[in-house]
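Understanding the architecture of this molecule
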Amino acid sequence: MILENFKRESLIPLPVSFISTVSKNGINNIAPYSCVMSILRPFDLICVASAKMRDTFVNIKETEEFVINMPGTDMADKVIPTAMHVPFNINEFKLADLKERPSQKVKAPGIEGCYAWMECKLHNIYEEDYNGIPYLLIMGKVVHLEIDDNVYNPEDGSWDLKKAKPLMMTGSNDGMHFCTVNDIDKFEPYGAMFEDGKDPLSWMYEKEVKTCK
Ligand SMILES: Cc1cc2nc3c(=O)[nH]c(=O)nc-3n(C[C@H](O)[C@H](O)[C@H](O)COP(=O)(O)O)c2cc1C
């Protein structure tokens, strides 16, 4: 079957994250974002593709901070309430009945009940028009990263997909199909990609293992 080129998005299972921000007047905002991508392995950068007409963008531009919250499938019912286009002065934590989780390094609160939280400071915004429509690539620098202790294994940095059940989605012509990911019990070390079998970045992980023990 040959598809319309724009449907590329629906063929890539996408994560569902909730981006929480706070306006310069102190009003908290949440929006679901799926076009979220980490930039290469050794960096602490994360990229979010955003339309321009987003309170999330306005808040990030003004405060230069945001939190990317990673929900499990049990939070699927929070997607639509936070995706609704509501006036700027509405606190979406209240609207979606979500509890604030104090952040460590940024003002914007995280969301209680997610399995991971990425507190970010704005790194850069790339802004352009494509076919006359403006869009943005918002680059954040992760300044504090946390995962629920119940799903994390500090011995090797793996985490339990069965417990976390990360919320994902695929698209069809009418909408979004929510799903999660399953382990297929196949593992390859990073070193397998290199001729000498050694991961040149292994030193980066050793520090964390030492602090966890
Ligand atoms: C599952 C899901 C994923 C979404 N992903 C994105 C995205 O990656 N980028 C974007 O600009 N909008 C995305 N949206 C749309 C925004 O969440 C929606 O427009 C929201 O109302 C924006 O809220 P805000 O104006 O408070 O920022 C997504 C919506 C849903 C339901």
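Residues numbered from 1 in each chain as written. Predicted model: local features only at pLDDT ≥ 70, side-chain atom pairs only at ≥ 80, totals over all residues.

The protein is annotated in an unreviewed UniProt entry as Flavin reductase family protein from Methanobacterium veterum. UniProt's Cofactor (unreviewed entry) comment on the protein is quoted here verbatim: "FMN". Word for word, the UniProt comment on the protein under Sequence similarities (unreviewed entry) is "Belongs to the flavoredoxin family." (UniProt positions renumbered as here; feature names shortened; annotations may be inferred.)

1. Considerations on the UniProt feature "domain: Flavin reductase like" (unreviewed entry) in the protein
Using the residue numbers shown here, the UniProt feature "domain: Flavin reductase like" (unreviewed entry) corresponds to residues 11-161. Taken end to end, residues 11-161 comprises 13% helix and 45% strand; its first and last C-alpha atoms sit 22 Å apart. (Helix = DSSP H or I, 4+ residues; strand = E, 2+ residues; numbered from the N terminus.)

2. Topic: the nonpolar core
In terms of nonpolar packing, the biggest core is built from 27 residues, with Ile19, Phe66, Val67, Ile68 and Met118 touching the most fellow members. In contact with Ile68, not counting residues within four places along its chain, are Ser17, Ile19, Val36, Ile46, Met118 and Cys120. (Core = buried A, V, L, I, M, F, W, Y, C linked by C-beta atoms within 7 Å. Buried ≥ 20, exposed ≤ 12 C-beta atoms within 10 Å, placed from the backbone. Contact = placed C-beta atoms within 7 Å.)

3. Examining the environment of Leu136
Summarising the element assignment, Leu136 is placed in strand β10 (residues 133-147). With 18 C-beta atoms packed within 10 Å, Leu136 lands in the partly exposed category.

4. Focus: the sheet that holds strand β13 (residues 168-171)
Strand pairing in a sheet takes place through backbone hydrogen bonds and is either antiparallel or parallel in direction. With antiparallel pairing, the three strands of this open sheet are ordered in space as β1-β13-β14. In the strand order of this sheet, the two ends are held by β1 (14-15) and β14 (176-179), each with one partner. Summarising the sheet, β13 and β14 pair through four bridges and their orientation is antiparallel. Across the sheet, the residue bridging to Met169 is Phe178, located in β14. (Pairing = 2+ DSSP bridges.)

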